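Fold and contact review
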Amino acid sequence: MSKQILLNAFNMNCVGHIHHGLWTHPDDQSVNFNQLSYWTDLAQLLERGLFDGLFIADILGVYDVYQNSIDLPLQEAIQLPVNDPLLLVSAMAGVTQHLGFGVTANLSYEAPYTFARRLSTLDHLSNGRIGWNIVTGYLESAAKAMGLSQQVEHDRRYDQADEYLEVLYKLLEGSWQDDAVLADRQQRIYAQPGKVHKVRHHGEFYQVEGYHLSQPSPQRTPLLFQAGSSARGSRFAGQHAECVFIGGNGVEAVRTQVEQVRASAVAAGRTGDAIKVFMGIAVIVAPTEAEACDKHAEYLRYASPEAGIAHFSSSTGIDLAAFGLDEPILARKTNAIESVVKTFTGWTKRRLLEQHALGGRYPVLIGSPGQVAEQLIEWIDATGLDGFNLTRIVTPQSYADFIDLVIPELQQRGRYKTGYAGGALRHKLFGQGPRLPADHPAAAWRDPARLQHANTIPHELRNLSANALNLL
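Residues numbered from 1 in each chain as written. Predicted model: local features only at pLDDT ≥ 70, side-chain atom pairs only at ≥ 80, totals over all residues. Heavy atoms only, no water.

Turning next to the overall build of the protein chain. Across its full length, the protein chain holds 16 helices and 13 strands. For 472 residues, the compact-globule formula gives about 23 Å, and the C-alpha radius of gyration of the protein chain, at 22 Å, lands near that figure. Each principal axis of the C-alpha distribution contributes one length, and for the protein chain these read about 70 × 50 × 40 Å. Here the protein chain holds 472 residues, and the buried ones make up 56% of them. Looking at the protein chain alone, contacts between residues at least 24 apart form 76% of all its contacts between residues at least 6 apart. A total accessible area of about 18900 Å² is found for the protein chain, and carbon and sulfur atoms account for 52% of it. (Helix = DSSP H or I, 4+ residues; strand = E, 2+ residues; numbered from the N terminus. Rg over C-alpha atoms; globule rule 2.2 N^0.38 Å. Buried < 20%, exposed > 50% of the residue type's maximum accessible area, 1.4 Å probe, protein only. Contact = heavy atoms within 4.5 Å. Areas by Shrake-Rupley, 256 points an atom, 1.4 Å probe, with all protein chains shown as cover.)

Attention shifts here to the packing of helix α13 (residues 369-383) against helix α14 (residues 397-412). Look at α13 against α14: their axes get within 8 Å of each other, and the N-to-C directions meet at 60°. One finds that α13 runs oblique with respect to α14. Our pair here, α13 against α14, has a crossing hand that is right-handed. Of α14, the residues touching α13 (which contributes Pro369, Gly370, Val372, Ala373, Leu376 and Ile377) are Phe402, Leu405, Val406, Glu409 and Leu410. In terms of residue class, the contact of α13 with α14 is made up of nine nonpolar, one polar and one charged. (Axes fitted to C-alpha atoms, helices over the stretch in contact; angles between N-to-C directions. Parallel < 35°, antiparallel > 145°, perpendicular 65-115°, else oblique. Left-handed = near helix turned anticlockwise from the far one by under 90°. Nonpolar A, V, L, I, M, F, W, Y, C, P; charged D, E, K, R; others polar.)

One finds Phe51, Leu54, Trp132, Leu376, Leu385, Phe388 and Phe402 to be the most contacted residues of the largest nonpolar core, which totals 84 residues. Among the elements that make up this core, the one with the highest residue count is helix α6 (residues 154-174) (nine residues). Among residues more than four places away in sequence, those in contact with Phe388 are Ile5, Leu6, Leu7, Asn8, Phe278, Met279, Ile281, Leu376, Trp379 and Ile380. Counting 36 residues, the second largest nonpolar core, distinct from the first, contains Ala57, Ala142, Ala310 and Phe312. (Core = buried A, V, L, I, M, F, W, Y, C linked by side-chain atoms within 4.5 Å.)

Following the criterion strictly, the structure yields 13 aromatic pairs and no others. For the ring pair Phe55 and Phe225, a centre distance of 5.4 Å and an interplane angle of 85° mean the geometry is edge-to-face. Within this pair, whereas Phe55 is found in strand β2 (residues 53-57), its partner Phe225 is found in strand β9 (residues 223-226), the two being separated by 170 residues in sequence. The same class applies to Phe55 as to Phe225, namely buried. (Phe/Tyr/Trp six-rings, centres within 6.5 Å; stacked < 30°, edge-to-face > 60°.)

Burial along strand β8 (residues 207-210) is one-sided: the residues Val208 and Gly210 are buried and none of Gln207 and Glu209 is. Taken together, the four bridges between strand β7 (residues 199-202) and β8 define a ladder with antiparallel strand orientation. Bridge assignment links Val199 to a residue of β8, and that residue is Gly210. Between the antiparallel neighbours β7 and β8 lie four residues. (Pairing = 2+ DSSP bridges.)

The next point concerns the side chain of Lys417. Looking at the secondary structure, you find Lys417 in the loop between α14 and α15 (425-430). Given a relative accessible area of 13%, Lys417 falls into the buried group. Of the polar contacts made by the side chain of Lys417, one reaches the backbone oxygen of Leu50; its length is 2.7 Å. Once you skip the residues sitting within four places of it in the chain, Lys417 turns out to touch Gln4, Leu50, Phe51, Asp52 and Gln411. (Polar contact = N/O pair within 3.5 Å; in protein donor to acceptor, adjacent residues only side chain to side chain.)

Our next topic: the pattern of salt bridges. Summed over the entire model, instances satisfying the criterion amount to 21 salt bridges. As a salt-bridge pair, Asp179 and Lys195 come within 3.3 Å of each other at their nearest N and O atoms. Here Lys195 lies in the loop between β6 (189-191) and β7 and Asp179 lies in the loop between α6 and β5 (181-184), a separation of 16 residues in the sequence. Within the structure, one salt-bridge network assembled from shared partners comprises Arg156, Asp159, Asp162, Glu204 and Arg232. (Salt bridge = Lys/Arg side-chain N within 4 Å of Asp/Glu carboxyl O.)

Attention now goes to the environment of Gly247. Inspection of the secondary structure puts Gly247 in the loop between β10 (243-246) and α8 (251-267). Expressed as a C-alpha distance, the spacing of Gly247 and Val285, which sit 38 residues apart in the sequence, is 21 Å. Contacts of Gly247, omitting those with residues within four sequence positions, involve Val254, Gln257 and Met279.

A few words now on the side chain of Ser120. For Ser120, the location among the structural elements is in helix α4 (residues 112-125). A polar side-chain atom of Ser120 sits 2.9 Å from a polar atom in the side chain of His212. Leaving out residues up to four positions away in the same chain, Ser120 has contacts with Leu172, His212, Ser214 and Ser217.

Given below as structure tokens:
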């Protein structure tokens, strides 16, 4: 049976997200991002289209690498201003029943103890529809705004992330047993004291002694997204991630990335299909190919390629304004997104501007509904991808066009669902219940005896991976 395509809408709590300059299009409504109705209307639209989720990106800091200034980011709203994504979820969950929500939060600047409570709260309020996109940050501007002298070195951030996840797993999976809550009015017992356990974590990065403040939510740990594709990021994904978001630069490169993701899961003692892989993509569709091409030409008139490479400059940590149009851009060591630096080394500024003609660098599919559907299917079948993160070009028109024109074509081909499955977000994607599976490292912390034993082991003598506890 052919694989059904998974689909997230890719968005951000800001005006300009990926396709920079398109906020100036007369049909674009992204300037209303501060209004709650903008988000609740979007959530209902996506649920009508049977989207699996709304993936909400986020960034801390500003894009000040290009021209060593934030003038262009302010003028073109290059992810500035940007609001908190987590605060949107409750309202959108309240007007939908099935749509999932993948929210981005930077663990480098979030205390795990309080963040665990926010995740549990959202999982309760959404009835198990919350996911977390794990990021460690890459902007110098964020590090300095948070009181650091400079950004932490790339691989070192992942070392910290490993320990952060260990603390979260202890809180979310181990602090409260499944049967801790009785809510018994007659006995006057809400929660049984013997079923709630203190977490004592004394590590290199975090010192935590306390009880998780929330009772177990439907998923306990939210669905885990991750987007790092460097060697260290891939190792982290293999250990922790359930969904991985990659960029696309041709079928062969994407197939290689998908194979690497699955291999990283196997290397961590999980199965290759334990991770769903999504690629970022943009779609311009109309009833006919000619109309789609006309729409593309219209969008190009509003796009800002320069804003696109200003964004790209911060992704690489390299000021592209300093290069001539045909001067090769050479890689240098930065603490930005390592995989992006490597991928685009040797490109010229002219080539980058051409790639960013629509304001962003994701692949753009243009055509009639049938043509777009076939292209999406070809990507899936040729690469092993599981689905796509669909960017907005003009919002909400891009999503509405896709829902009205492309989804019926995919359904006719048997490649897209015709109704939602029941249950939590994790169950909808994997069909194995709401909780993380037994081969995930988080599962090691569900045993109270194991949790208490781990609490007695000095940091110097224990492996940061929960899987190591299986040897105890």
